[in-house]
Structures are given as structure tokens and as C-alpha cells.
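# Analysis of the macromolecular model
Below are the chains, spelled out letter by letter.
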Amino acid sequence: MAVQRMVLVYLQVAAVAALLAATGLRAQLRVGFYDSSCPAAEIIVQQEVSKAVGANPGLAAGLLRLHFHDCFVRGCDASVLIDSTTGNTAEKDAGPNTSLRGFEVVDRIKARVEQACAGVVSCADILAFAARDSVALAGGNAYQVPAGRRDGAVSRASDTGGNLPPPTANVAQLTQMFGTKGLTQRDMVVLSGAHTIGSSHCSSFSGRLSSSGTTAGGGGQDPTMDPAYVAQLARQCPGGKADPMVPMDYVSPNAFDEGFYKGVMANRGLLASDQALLSDGNTAVQVVTYANDPATFQSEFAAAMVKMGSVGVLTGSSGKVRGNCRVA
């Protein structure tokens, strides 16, 4: 009997090992990770995000975008928060990241968390919690965030190249870029719904408005864009040195809802990469589904956020818990 028990234990251990190998480090993240070590952690994050978004609603999109841009470069390791030094230009100072915001909110959260339980809560987990709370405060579904991420110590601007989807990307490019992160095309379409809140600089889409830039039609106004919308955007983006910002979702710019997809269906996707979702049969069906079924969008977005939040994570003895999120 003792031998049989030993064999049974061995088989169970082998099964768990195989599962961990199949699912990667993702298996080490868990909901309630700080319940014992720092029970106030998620409460502190929620309080500070609520204060920040209450004072400036645009920070909901900013904090959500921080989590995206972190996970797509070197994985979800908070490397996007690290400041540049004399000898190194960090991720946050790379071209695609210069418009990121919300760093000060993370600083305030980290200071409070360190006061409550020093050296316990990672900056990477703070980003994941803050993104979740931002979505909820903007009207989206709250969801549970598996935690246990550790922080990285490397942040290079050069690593952003080829990892962050450009605003001009087509469906094939988007699918490939998300695919390299272990995310499916369906994940890509639902995560694009994050554009239902926030704004974009005119420079990210001005090429679609006239022949001065590259457009879907090869010259002139982008034919996939509603002409009335083009005229409206041209008034909002007069050119010159100024680079104003325009809401990504013209339907309901401050609410986390299905408005983004309704805009794409009306040929009013602000970025070329947004409107491109209607050009492919598979992604177009998904756009229509979300536009007409808000509940499905909300639930699938939450699930995709959890999946994205596990990309390239450092767990266990890997990485560290940075005491200052800005310093490696």
C-alpha cells in the first residue's frame, strides 16, 4: 500500500508539473495573492485610482493604456514605469510611449502600499489592479485579477520597436503582433475595445484626412472613413505645431461601453487600425456582435484582460519587488 501511495503521489506531481509546463508561469498567478501578506493592497489601489479618475476622468484610459504598453514590451513586468538614466533611454521615452500618463497615480499607490507592507506588492501587480479599477470606474465590468507578478529590472526604448501595434496596422499585422504575445485574433478585437475611452493625438490619424499622408486608398482622403467624420476631424485637427487630442470613441467617449464598435460600424473608427477591423470577415462579425451585445463585450473583455495580464510575467524567484516603481 505504501508503494501504491508513493506511485500515486508521483503521478499527481508529474501531472501538476506537466500542467505548469503547458500553461507556463501564468499558472503561478492567483486571485487573492496578497490576502495574507498585504490585505490592504487592492483596497489602496482602488482608493487612489478612484481619487485620480474622479479628478480627471481621462486617467482611466491612461492607466489602462499603461498596463497594455507594459505587457506588450518584455511582458507585464512594470518596465514601462522605469525612468531613463544618463546611460539608458527607457521604454517610457520611446516614441510610442511619450504620450503615456498616469505615472504619478502609480507613484502615490506605491508609496501607500510600501507604508502598509514594505517590499511585498510589485509595481506590475499595481498596474494590473489599476487597469481593472479604471475599467470599472468608467462603467465596465469589474473582474478578479490574478496576482503574483514580479518586477523586471530592464527597460530599453529600443525594445518597443515591433512590439507595440502602430495606429496604421491592418488586421493581418494586428493578428500577428497579438499572436506573438499568445493572444488570439479574437482577443485582439475585444482588447481593441479599450479604445472606447481615451483620446488620440491628431498626428496618429491625420494621414487619413488628406493626401498629405498614407491612406488606405493610396492617396487622398481614406475611403473607409465617413466623409462627414473626416470633415469634423479636419476642423479639430487644423495642423501646425499643435497636436490636439480627439476622443477615440465619438459615440460615448467617457463611458466604457460598446460605443467604439458602433463607431467602427459607422465608418468612424478614429485610427486606421480601428477601422481595419471591419475589413476582415472574421473580425467584422465580432465587431457587429459587440456593438449589438454589450454584455458579451464586457465579459469577453474582462477575460482577455486577465489573459493579457499574464503575458511574459516574472513570478516566484524571478524578478524583484521594486521599492520605487521608477527605479530599476
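About the cut-offs
Residues numbered from 1 in each chain as written. Predicted model: local features only at pLDDT ≥ 70, side-chain atom pairs only at ≥ 80, totals over all residues. Heavy atoms only, no water. UniProt positions renumbered as here; feature names shortened; annotations may be inferred. Helix = DSSP H or I, 4+ residues; strand = E, 2+ residues; numbered from the N terminus. Buried < 20%, exposed > 50% of the residue type's maximum accessible area, 1.4 Å probe, protein only. Contact = heavy atoms within 4.5 Å. Areas by Shrake-Rupley, 256 points an atom, 1.4 Å probe, with all protein chains shown as cover.

The protein chain is annotated in an unreviewed UniProt entry as Peroxidase of Urochloa decumbens. In UniProt, the protein chain has this text filed under Subcellular location (unreviewed entry): "Secreted". The heading Catalytic activity (unreviewed entry) in the UniProt record of the protein chain holds the text "2 a phenolic donor + H2O2 = 2 a phenolic radical donor + 2 H2O".

### As for the overall build of the protein chain
The helix and strand inventory of the protein chain stands at twelve helices and two strands. Beginning at the N terminus, the succession of helices and strands in the protein chain can be written as α-α-α-α-α-α-α-β-α-β-α-α-α-α. In the protein chain, buried positions account for 46% of the 328 residues. Residue pairs in contact within the protein chain that sit at least 24 positions apart in sequence constitute 74% of those at least 6 positions apart. By element, 56% of the accessible surface of the protein chain is carried by carbon and sulfur atoms, the whole surface being about 14500 Å².

### Topic: the side chain of Asp-133
Its location among the elements puts Asp-133 in helix α5 (residues 123-137). When sequence neighbours within four positions are dropped, the list of residues in contact with Asp-133 reads Glu-42, Val-45, Gln-46 and Val-49.

### Digging into unusual backbone geometry
Phi angles above zero are rare outside glycine, and Arg-74 is one such case at about 65°. The residue Arg-74 is located in the loop between α3 (59-71) and α4 (103-116) in this model. One non-glycine residue, Asn-267, adopts positive backbone phi at about 60°. Inspection of the secondary structure puts Asn-267 in the loop between α9 (259-265) and α10 (272-275).

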